[in-house]
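Residues per chain are reported as follows:
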Amino acid sequence: MVIELSGTSSAERKKVTVADFSKMKSHNQRIVMVTSYDYPTSIIADEVGVDSILVGDSYGMVVLGHDTTIPVTIEELLPVCQAVKRGASHSLLIGDMPFLSFQISEEDAIRNAGRFIKEGRMEAVKIEGGREMAHMAKAVSNAGIPVLGHIGITPQTATLHGGYRIQGKNADSGERLVEDAKSLEEAGVFGIVLEMITEEVARMITKTISVPTIGIGSGRYCDGQVLVLHDILGLYPRFVPKFAKRYTDLASTIKGAVTEYASEVRRGAFPEEKNVFKMDDAERDKLDLRQKS
Ligand code: KIV
């Protein structure tokens, strides 16, 4: 049986819910997730039928130009969430809880997660961290807010601990990751992002837990995949991660268009007749007369 979530026309598609994520796992239907940080790309992602849109804190890097996701605040992300919500009517919308918005106390985590739902109009939140954050994930999910876990490389803390290193390269760290995933499952998450985990360990986690795994740089056997939109589009100038695939080179397209615009303005080729607004002939004559008298 195929769950009719994606691939059908925009008007026919039904709203994707967290319950659909688990149905998709049980029917071996791969889950498609992408980031979006604005209204136009949210419309596009939703129209083409992605299952879920993540308003990632990667926004801080790919849009705001920070070196890491650490400086990102809830105040910055909430208007972004609202814009994405305005553009999407089918995809499941997930807000990424930024650094220190969920680590301080359970009460704080619930309050901040609630802001993503009430103010940001998201339908779920994502929390980075394994077993050490499971109690936070549990508190938020017990408050009625669906939580997506995130293990492997967790960018909010990776940069503080010496950078991005592939996780699960040996049996010990593989075992720890499986235990992290189990703790989050027990805490009640509806899915787990696996970031930069070796394919073997990601496969083992996917087989072991009942909730879907969404991979990013974690190989071919996860229940779904997520990529940062700017990586897919070729719009992040600093680097392309090995695990990402550039499906187009939008930076070159934009450069071409802006270069042509600049050249047309400089040689007076833009605006053209069709781009200008005109007065009525009679009004123009009246104005000319007034200026002459
Ligand atoms: O912030 C983000 O975009 C993410 C994804 C890479 C999973 O956390």
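Residues numbered from 1 in each chain as written. Predicted model: local features only at pLDDT ≥ 70, side-chain atom pairs only at ≥ 80, totals over all residues. Heavy atoms only, no water.

**Examining the domain arrangement of the chain**
So, point 1. Domain assignment breaks the chain into domain 1 (18-248) and domain 2 (253-292).
So, point 2. For domain 1 and domain 2, the distance between their C-alpha centres works out to 47 Å. (Domains from an automatic or database assignment.)

**A short note on unusual backbone geometry**
So, point 1. For the peptide bond that leads from F270 to P271, omega is 0°, which places it in the cis range.
So, point 2. In this structure, P271 sits in the loop between α11 (250-266) and α12 (281-292).
So, point 3. Of note in this structure, R121 is not a glycine but carries a positive phi near 60°.
So, point 4. Mapped onto the elements of the fold, R121 is located in the loop between α5 (106-118) and β4 (124-126).
So, point 5. Even without a glycine there, the phi angle at M196 is positive, about 50°.
So, point 6. On the accessibility criterion, M196 (13% relative accessible area) is buried. (Helix = DSSP H or I, 4+ residues; strand = E, 2+ residues; numbered from the N terminus. Buried < 20%, exposed > 50% of the residue type's maximum accessible area, 1.4 Å probe, protein only.)

**Considering the nonpolar core**
So, point 1. Judged by nonpolar contacts, the single largest core of 71 residues is most densely connected at F116, I151, I192 and I205.
So, point 2. If you tally residues by element for this core, the top one is helix α4 (residues 74-87), at six residues.
So, point 3. Beyond its immediate chain neighbours, meaning those up to four positions away, F116 contacts I74, L77, L78, C81, G95, D96, M97, P98, R121, M122 and V125. (Core = buried A, V, L, I, M, F, W, Y, C linked by side-chain atoms within 4.5 Å. Contact = heavy atoms within 4.5 Å.)

**A word on the site of the ligand**
So, point 1. If you check the shell around the ligand, you find T35, L54, G56, D57, S58, D96, K126, H150, V193, I216 and V228 and nothing else.
So, point 2. A distance of 3.0 Å is found between an oxygen atom of the ligand and a side-chain nitrogen or oxygen belonging to D57.
So, point 3. Here an oxygen atom of the ligand sits 3.1 Å away from a polar atom, N or O, in the side chain of D96.
So, point 4. Here the ligand, which alone exposes 260 Å², has 95% of that area covered by the protein. (Near = heavy atom within 4 Å. Polar contact = N/O pair within 3.5 Å; in protein donor to acceptor, adjacent residues only side chain to side chain. Areas by Shrake-Rupley, 256 points an atom, 1.4 Å probe, with all protein chains shown as cover.)

**Digging into the environment of D51**
So, point 1. Considering the arrangement of structural elements, one finds D51 in the loop between α2 (39-48) and β2 (52-55).
So, point 2. The spacing of D51 and V276 is 225 residues in sequence and 42 Å in space, taken between C-alpha atoms.
So, point 3. Of note is the side chain of D51, whose polar atom sits 2.8 Å from the backbone nitrogen of V32.

**Concerning the side chain of D108**
So, point 1. Tracing the sequence through the fold places D108 in helix α5.
So, point 2. In this view, D108 contacts L100 and S101; residues no more than four positions away in its chain are not counted.

**Thoughts on the environment of A202**
So, point 1. Topologically, A202 is positioned in helix α9 (residues 199-208).
So, point 2. For A202, a relative accessible area of 0% translates into the label buried.
So, point 3. In this structure the C-alpha to C-alpha distance between A202 and Y221, which are 19 residues apart in sequence, comes to 7.0 Å.

**Re the pairing of strand β7 (residues 213-216)**
So, point 1. Burial along β7 is two-sided: T213 and G215 facing one way and I214 and I216 facing the other are all buried.
So, point 2. Pairing analysis gives four bridges linking strand β6 (residues 191-195) to β7, with the strands arranged parallel. The residue bridging I192 from the neighbouring strand is T213, located in β7.
So, point 3. Read from β6 through α9 to β7, the crossover connection turns out right-handed.
So, point 4. Where β7 and strand β8 (residues 224-227) come together, two bridges link them in parallel fashion. (Pairing = 2+ DSSP bridges. Right-handed = clockwise from strand over helix to strand, strands pointing away.)

**What to know about the sheet that holds β4**
So, point 1. Taken together, the eight strands give a closed barrel; going around it, the order is β1-β2-β3-β4-β5-β6-β7-β8, and neighbouring strands pair in parallel fashion. When strand polarity is set aside, the average angle formed by the axes of neighbouring strands in this sheet is 25°.
So, point 2. Here two bridges tie β4 to strand β5 (residues 147-152), and the two strands are oriented parallel to one another. Paired with K126 across the bridge in β5 is L148. (Axes fitted to C-alpha atoms, helices over the stretch in contact; angles between N-to-C directions.)

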